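Structural description and commentary
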Amino acid sequence: IKTLLALQLDGYFQTIVTADDVQHGKPAPDIYLEAARRLDVLPGLCCAFEDAEMGLQAARAAGMLVIDIRPAHRAALELKSMNGKSATPAEGTR
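Residues numbered from 1 in each chain as written. Predicted model: local features only at pLDDT ≥ 70, side-chain atom pairs only at ≥ 80, totals over all residues. Heavy atoms only, no water.

1. Considerations on the overall build of the chain
Each helix and strand counted, the chain has five helices and two strands in total. Each helix and strand of the chain, placed in order from N terminus to C terminus, yields the pattern α-α-β-α-β-α-α. Counting across all 94 residues of the chain, residues that qualify as buried make up 21%. Contacts in the chain between residues far apart in sequence, at least 24 positions, make up 22% of those at least 6 positions apart. As presented, the chain carries roughly 6900 Å² of accessible surface, and 56% of it is formed by carbon and sulfur atoms. (Helix = DSSP H or I, 4+ residues; strand = E, 2+ residues; numbered from the N terminus. Buried < 20%, exposed > 50% of the residue type's maximum accessible area, 1.4 Å probe, protein only. Contact = heavy atoms within 4.5 Å. Areas by Shrake-Rupley, 256 points an atom, 1.4 Å probe, with all protein chains shown as cover.)

Okay, here's the thing in structure tokens:
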């Protein structure tokens, strides 16, 4: 939540679930199942964007479609090292 607040992104989310809200952390599916419950959406209709192996495992265990964003993150880091400035994954794909 700290990062979302610092970047003023918290208003873009209908609900936010953290590890403090569930009994079992990743790779257990609890956090994803709780998010789906709060949104009143079946987990199988959800899409999770993850940047860590434990999160990928958790989202899959919850029955969600999972998008691994690590390749996009790596591409941004490579672009940054090539030109010496910061880049987002979207900037690296233009």
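2. Considerations on the nonpolar core
Of all hydrophobic cores here, the largest spans 14 residues; its most connected members are Val 17, Ile 31, Tyr 32, Ala 48, Ala 59 and Met 64. For this core, the element with the highest residue contribution is helix α2 (residues 30-39), accounting for four residues. Residues within four places of Ala 48 in sequence aside, it is in contact with Tyr 32, Ala 59, Met 64, Leu 65, Val 66 and Ile 67. (Core = buried A, V, L, I, M, F, W, Y, C linked by side-chain atoms within 4.5 Å.)

3. Considering a nonpolar patch on the surface
Side chains of Leu 7, Leu 9, Tyr 12 and Phe 13 sit close together on the surface and give an oily, nonpolar patch of about 460 Å² of accessible area. Within the secondary structure, Phe 13 is located in the loop between α1 (2-6) and α2. (Patch = residues over 30% accessible without salt bridge, like charges linked within 9 Å, V, L, I, M, F, W, Y side chains within 5 Å. Salt bridge = Lys/Arg side-chain N within 4 Å of Asp/Glu carboxyl O.)

4. Quick look at the pattern of salt bridges
As enumerated under the stated definition, the model contains six salt bridges in all. For Asp 21, the salt bridge goes to Arg 38, with nearest N and O atoms at 3.7 Å. Placement of the pair is Asp 21 in the loop between α1 and α2 and Arg 38 in helix α2, with a sequence separation of 17 residues. By relative accessible area, Arg 38 is classed as partly exposed at 34%. Asp 68 serves as the salt-bridge partner of Arg 70, at 2.7 Å between the closest nitrogen and oxygen. Since its relative accessible area comes to 24%, Arg 70 is described here as partly exposed. Sharing partners across several salt bridges, the network here consists of Asp 21, Glu 34, Arg 37 and Arg 38.

5. What to know about the environment of Cys 47
Along the polypeptide, Cys 47 turns up in strand β1 (residues 47-50). Since its relative accessible area comes to 37%, Cys 47 is described here as partly exposed. Remark: the alpha-carbon pair of Cys 47 and Ala 59, spanning 12 residues in sequence, is separated by 8.5 Å. When residues no more than four places from it in sequence are discounted, the contact partners of Cys 47 are Leu 65 and Ile 67.

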